[in-house]
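For reference, the chains in residue letters:
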Amino acid sequence: MSTFDTVVIGAGMSGLTSARMLADAGQRVVVLEGRDRIGGRMHTDRSAGFPVDLGASWIHGIENSPLWDLVHALRIPAIEYTVGSFQVGGRPIENYDGEGRRLDEAATAQWVSDVDLADRLLVEEIAASSSGDTYLDVTERALDRSGLSPDRIDDIREFFRHRVEEQCGAWIGDLDAHGLDEDAIEGDEVIFPRGYDELPRRIADGLDVRLETVVTRVSRSAAGVVVRAGDTEYRADRVIVTVPLGVLKAGTISFDPELPEAVSGPISRLGMGVFNKVFVQFPERFWDEETYVIRALGDAGEHWHSWYDVSAVSGIPTLLTFAAGPFGRRMQDLADAEIVADAVSALHVLYRDAVGEPLAHWVTRWGEDEFSNGSYSHLALGSTHHDHDALAGPVDGVLHFAGEATWGDEPATVGAAFYSGHRAAERILDRPVDLADFAARITAREQTVGR
């Protein structure tokens, strides 16, 4: 039986952050990871000769962001790509109506005004909502008050549904009325031309990470913890569990004794959404050069609603679209070819014969991934913002949890994973860990080994 100060379960952003901070403080730390790679839901595919981020892609707001400060300190290049939390304006967006006709300037201005009105009313309805109200309930009340014509209301209703699916990976009727309260972005957003997983890979450099080590049991007592993976047991003073909420909900890791309600309650109440990506590359650009987003409204966008131009990463015309919520779960049962053909057919409605034959594609199925069982957490009906932070524990002083689902300020983000890993390390060390010093240590270590 191996003995450590701390065992960290999961080599995603939160687990690697806490492990790195504890190791830098002199602790004996081991990271146990079920996958054959590190990064967790930060997964970059480089098989085509350029990076394709199949998991996390963005920093959503770099202003006052310690995560951005870390990226900047490590000199990781980024490309400004601000889409603004599923905004309707503010950036070049090609909008198409339900018949596939492009909205002219006047129609676009009217559309933006309609959504702005509905959103202002929605804020009021959320503030006045009661326990048990869903996001669908409050959006319908806002639309009822809007005074807009039925066809304009239908377009906004579809937009609201897709906004929830894209932000939460859930059906709008399953999201609590306050489910998007934390959905605020400060400053520009960025993506990563070298792949987002450069960040966890550099944090992990030099750590004791055991890949393909699937944890099945965590036992705790006054003497510490025993973590079982296969036929091997790891004994430590404490453990940090950083597996995704979907894994906790599936119960594939048993806890002895069982988790107290203070932690098991949030696990059962919070939701785990499905948000899948479909990248398609084309021989030529058929959309405007300056376009950030292509958006189909109404019937034209029932399934494939928004397309994001991510051509800058590879230099090849590339669009990224999403299948999320119930549609994302259904899509996972289809073959790649069928998914791509359906998505491209939706583009033909908008651009007709200008759409070329796809050169390549990438399709994700996060809901079928045994090491995540979904994409990220959301505030399901019956849960509260407090549930996110309560999930972090600790339990009996030896069992800690970290990950995006444990950070209430901005769950479902890489930033939340990073901050929660930082919090877990500080709680264990019982002192602050300076983030500037954290970055400096990574850089110094790389210089020492001649990176």
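What you see is a predicted model, and the numbers here were worked out from it, not measured in a lab.

What counts and what doesn't
Residues numbered from 1 in each chain as written. Predicted model: local features only at pLDDT ≥ 70, side-chain atom pairs only at ≥ 80, totals over all residues. Heavy atoms only, no water. Helix = DSSP H or I, 4+ residues; strand = E, 2+ residues; numbered from the N terminus. Rg over C-alpha atoms; globule rule 2.2 N^0.38 Å. Buried < 20%, exposed > 50% of the residue type's maximum accessible area, 1.4 Å probe, protein only. Contact = heavy atoms within 4.5 Å. Areas by Shrake-Rupley, 256 points an atom, 1.4 Å probe, with all protein chains shown as cover. Lys, Arg positive; Asp, Glu negative; His and termini not counted. Charge placed at Lys NZ, Arg CZ, Asp CG, Glu CD. Axes fitted to C-alpha atoms, helices over the stretch in contact; angles between N-to-C directions. Left-handed = near helix turned anticlockwise from the far one by under 90°. Nonpolar A, V, L, I, M, F, W, Y, C, P; charged D, E, K, R; others polar. Parallel < 35°, antiparallel > 145°, perpendicular 65-115°, else oblique. Core = buried A, V, L, I, M, F, W, Y, C linked by side-chain atoms within 4.5 Å. Polar contact = N/O pair within 3.5 Å; in protein donor to acceptor, adjacent residues only side chain to side chain. Pairing = 2+ DSSP bridges. Expected span 1.5 Å × (residues − 1). Salt bridge = Lys/Arg side-chain N within 4 Å of Asp/Glu carboxyl O.

Caption draft 1: Main features of the overall build of the protein. Secondary structure summary: the protein contains 14 helices and 20 strands in total. Relative to the compact-globule value of 22 Å for 451 residues, the protein shows a C-alpha radius of gyration of 22 Å, a close match. Projected onto its principal axes, the C-alpha positions of the protein cover 65 × 50 × 40 Å. Within the protein, buried positions represent 57% of all 451 residues. Relative to all contacts within the protein whose residues are 6 or more apart in sequence, the contacts with residues 24 or more apart total 74%. As displayed, the protein offers around 18,300 Å² of accessible surface, 48% of which is attributable to carbon and sulfur atoms. Within the protein, one finds 41 positive and 75 negative side-chain charges whose respective centroids are separated by 6 Å.

Caption draft 2: Here's a closer look at the packing of helix α1 (residues 13-24) against helix α13 (residues 414-429). Following both chains from N to C, one finds α1 and α13 inclined at 35 degrees, their axes separated by 7 Å at the closest point. In the packing of α1 onto α13, the handedness of the crossing is right-handed. In this structure, α1 uses Met 13, Ser 14, Thr 17, Ser 18, Met 21 and Leu 22 to contact α13, whose residues at the interface are Val 414, Ala 417, Phe 418, Ser 420, Gly 421, His 422, Ala 425, Ile 428 and Leu 429. Taken together, the residues of the contact of α1 with α13 break down into nine nonpolar, six polar and no charged.

Caption draft 3: Representation of the packing of helix α3 (residues 105-127) against helix α4 (residues 135-146) within the structure. With their axes 8 Å apart at the nearest point, α3 and α4 run at an angle of 125 degrees to one another. Here α3 lies oblique to α4, going by the angle between them. The interaxial crossing formed by α3 with α4 has right-handed handedness. Contacts between α3 and α4 involve Leu 117, Ala 118, Leu 121, Leu 122, Glu 124, Glu 125 and Ile 126 on the former and, on the latter, Tyr 135, Val 138, Thr 139, Arg 141, Ala 142, Leu 143, Arg 145 and Ser 146. In terms of residue class, the contact of α3 with α4 is built from nine nonpolar, two polar and four charged.

Caption draft 4: Local environment of the nonpolar core. In terms of nonpolar packing, the biggest core is built from 42 residues, with Met 13, Ile 59, Leu 67, Leu 70, Tyr 196, Leu 199 and Ile 203 touching the most fellow members. Examining the composition of this core, we find that nine residues originate from one element, α13, more than from any other. The residues contacting Ile 203, other than those within four sequence positions of it, are Met 13, Leu 16, Thr 17, Arg 20, Leu 70, Phe 438 and Ile 442. The next biggest cluster of nonpolar side chains, apart from the first, holds 32 residues, and it includes Phe 4, Val 30, Val 227 and Phe 401.

Caption draft 5: Representation of the side chain of Glu 189. Along the chain, Glu 189 falls in the loop between α5 (150-168) and β7 (190-191). For Glu 189, a relative accessible area of 0% gives the class buried. At 2.5 Å, the side chain of Glu 189 and the side chain of His 60 are in polar contact.

Caption draft 6: Representation of the pairing of strand β10 (residues 224-229). For β10, the tally of buried residues reaches five of six residues, placing the bulk of the element in the interior. Judged from the six bridges that link them, strand β9 (residues 215-221) and β10 form a sheet pairing that is antiparallel. Residue pairing for β10: Arg 217 is matched across the bridge by Arg 228. Between the antiparallel neighbours β9 and β10 lie two residues. The pairing of β10 with strand β11 (residues 232-241) spans five bridges and is classified as antiparallel.

Caption draft 7: Up close: α3. Spanning 23 residues, α3 covers 33 Å between terminal C-alpha atoms, matching the ideal 33 Å at 1.5 Å per step. Residues Trp 111, Val 112, Asp 114, Val 115, Ala 118, Leu 121, Leu 122, Glu 125 and Ile 126 constitute the buried set of α3. On its buried side, α3 packs onto β6 (93-96), α4 and α5. Of the residues that open α3, the one with a side-chain oxygen 3.2 Å from the backbone nitrogen of Ala 106 is Asp 104.

Caption draft 8: Geometry of the side chain of Asp 53. Structurally, Asp 53 is set in strand β4 (residues 52-53). For the buried Asp 53, no salt bridge exists, and the shortest N-O distance to an oppositely charged side chain is 6.2 Å, to Arg 46. Here Thr 44 takes part through its side chain, which lies 2.5 Å from a polar atom of the side chain of Asp 53. When near neighbours in sequence (up to four residues on either side) are disregarded, Asp 53 contacts His 43, Thr 44, Phe 192, Gly 195, Tyr 196, Asp 197, Lys 277 and Phe 279.

Caption draft 9: Structural view of the sheet that holds strand β17 (residues 318-324). Spatially, six strands are ordered β6-β15-β16-β17-β14-β18 in an open sheet, and the strand pairing comes out mixed. Two strands in the sheet have a free side with no partner beyond their single neighbour: β6 and β18 (360-363). In this sheet, neighbouring strand axes are inclined to one another by 20 degrees on average, regardless of whether the strands run parallel or antiparallel. Direction of pairing for strand β14 (residues 275-281) relative to β17: antiparallel, over a ladder of seven bridges. Residue pairing in the sheet places Val 278 in a bridge with Thr 321 of β17. Strand contacts of α5: β14, β15 (293-296), β16 (306-309) and β17, with the helix running at about 95 degrees to β17, the strand carrying the most contacts.

Caption draft 10: Region of the structure containing the pattern of salt bridges. For the structure on display, the rule yields 33 salt bridges. For Glu 124, the salt bridge goes to Arg 145, with nearest N and O atoms at 2.8 Å. Taken as a pair, Glu 124 in helix α3 and Arg 145 in helix α4 lie far apart in primary sequence, 21 residues in all. Judged by its relative accessible area of 43%, Glu 124 is partly exposed. Of the charged contacts, one joins Arg 201 and Asp 197 as a salt bridge, the two residues approaching to 3.5 Å between their closest N and O atoms. Overall, the relative accessible area of 9% leaves Asp 197 in the buried class. Connected through shared salt-bridge partners, Arg 194, Glu 198, Arg 202 and Glu 446 make up one network.

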